[in-house]
Amino acid sequence: MASQRRFKRAFFRRHAVDVAKEMLGCHLHRRLDDGTELIGKIVETEAYTMADPSCHAYKGKTPRTEHLFGDAGYSYIYFTYGTYWCLNVVANEEEQGEAILIRGVEPIQGIEEMRKRRSKVKKDRDLTNGPGKICLAFELDKQQNKLDMIDGDVLWLTTGEMNAKHDIGTSSRIGISVAQDYPWRFYLRGNPFVSPGKLSAPHVDY
DNA sequence: TTGGTGATGTTT
DNA sequence: AACATCACCAAA
């Protein structure tokens, strides 16, 4: 039985790379407007920091990125490629612009609801094996930006299976054009809900 | 199964 | 002008 324990905010007030690695296996919860609760196990993450040219915080605060520099444990949801949304969790101390991108999730509860929102998809593994797909399946967009994911009740995290034995893989990050050598992507090796883009990224053993 | 490509609109 | 993506199609 998975743990439904809430996180302490201090867990996320640390370096994004450590958080990204250690949060694998934790659960993502989403309460829809009609009360339905969706749950997914996080199986793939990437870390982004201020000193990293591919991070949205790299060029300093802008209206979009301001809360990346705020307290940890809040959602950072941004729009990309004209169509899709991506979900991040803000990390480290205030004024440190760091975040974890959630790239892969395994459905745990509410898979029927997820299928409704992903009606084009034939195979279940394609429901949530990518950052844009997660936001579609979990019905996330700018309305869920800046929510408290520690103590909130719309979008939040619990420890889930975080402390189970994991075979963790490491690689460079996906879909970026700079800082491609940083090995800041982490995933549960062999899990089918890890995004397929991994094949195009150089692999590094952990 | 793998690789290439067009769609799309916000941000800088 | 770039972009932390996805779905589709073609080739093998």
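It should be noted that the structure appears before, not after, this text.
Residues numbered from 1 in each chain as written. Chains lettered and ligands numbered in written order. Predicted model: local features only at pLDDT ≥ 70, side-chain atom pairs only at ≥ 80, totals over all residues. Heavy atoms only, no water.

## Considering the protein's contact with DNA strand C
- Taken together, 18 residues form the shell around DNA strand C, and within it Tyr78, Asn88, Arg118, Gly132 and Gly175 come nearest.
- For DNA strand C, the fraction of protein-proximal atoms (within 4 Å) that sit in sugar or phosphate groups is 60%.
- At 3.0 Å, a backbone N or O of lysine 133 approaches a phosphate oxygen of DNA strand C.
- For the surface near DNA strand C, the secondary structure elements donating two or more residues are β5 (84-90), β6 (99-109) and α4 (131-137).
- Of the residues belonging to the surface near DNA strand C, the class tally is eight nonpolar, seven polar and three charged. (Near = heavy atom within 4 Å. Polar contact = N/O pair within 3.5 Å; in protein donor to acceptor, adjacent residues only side chain to side chain. Helix = DSSP H or I, 4+ residues; strand = E, 2+ residues; numbered from the N terminus. Nonpolar A, V, L, I, M, F, W, Y, C, P; charged D, E, K, R; others polar.)

## Thoughts on the nonpolar core
- Counting 42 residues, the largest nonpolar core has Phe12, Met23, Leu28, Leu87, Phe138 and Leu157 as its most contacted members.
- For this core, the secondary structure elements donating two or more residues are α1 (9-12), α2 (16-22), β3 (37-48), β5, β6, α4, β7 (155-160) and β9 (185-188). (Core = buried A, V, L, I, M, F, W, Y, C linked by side-chain atoms within 4.5 Å. Buried < 20%, exposed > 50% of the residue type's maximum accessible area, 1.4 Å probe, protein only.)

## Thoughts on a nonpolar patch on the surface
- On the surface, a nonpolar cluster with roughly 360 Å² of combined accessible area is contributed by Tyr81, Tyr84 and Leu136.
- Along the chain, leucine 136 turns up in helix α4.
- What makes leucine 136 partly exposed here is its relative accessible area of 36%. (Patch = residues over 30% accessible without salt bridge, like charges linked within 9 Å, V, L, I, M, F, W, Y side chains within 5 Å. Areas by Shrake-Rupley, 256 points an atom, 1.4 Å probe, with all protein chains shown as cover. Salt bridge = Lys/Arg side-chain N within 4 Å of Asp/Glu carboxyl O.)

## Notes on the side chain of serine 75
- Within the secondary structure, serine 75 is located in strand β4 (residues 75-80).
- Judged by relative accessible area, serine 75 falls into the buried class, the value being 0%.
- Here the side chain of serine 75 touches leucine 147 through a polar contact of 2.8 Å, landing on its backbone nitrogen.
- Contacts of serine 75, omitting those with residues within four sequence positions, involve His67, Leu87, Asn88, Gln144, Asn145, Lys146, Leu147, Met149 and Leu155. (Contact = heavy atoms within 4.5 Å.)

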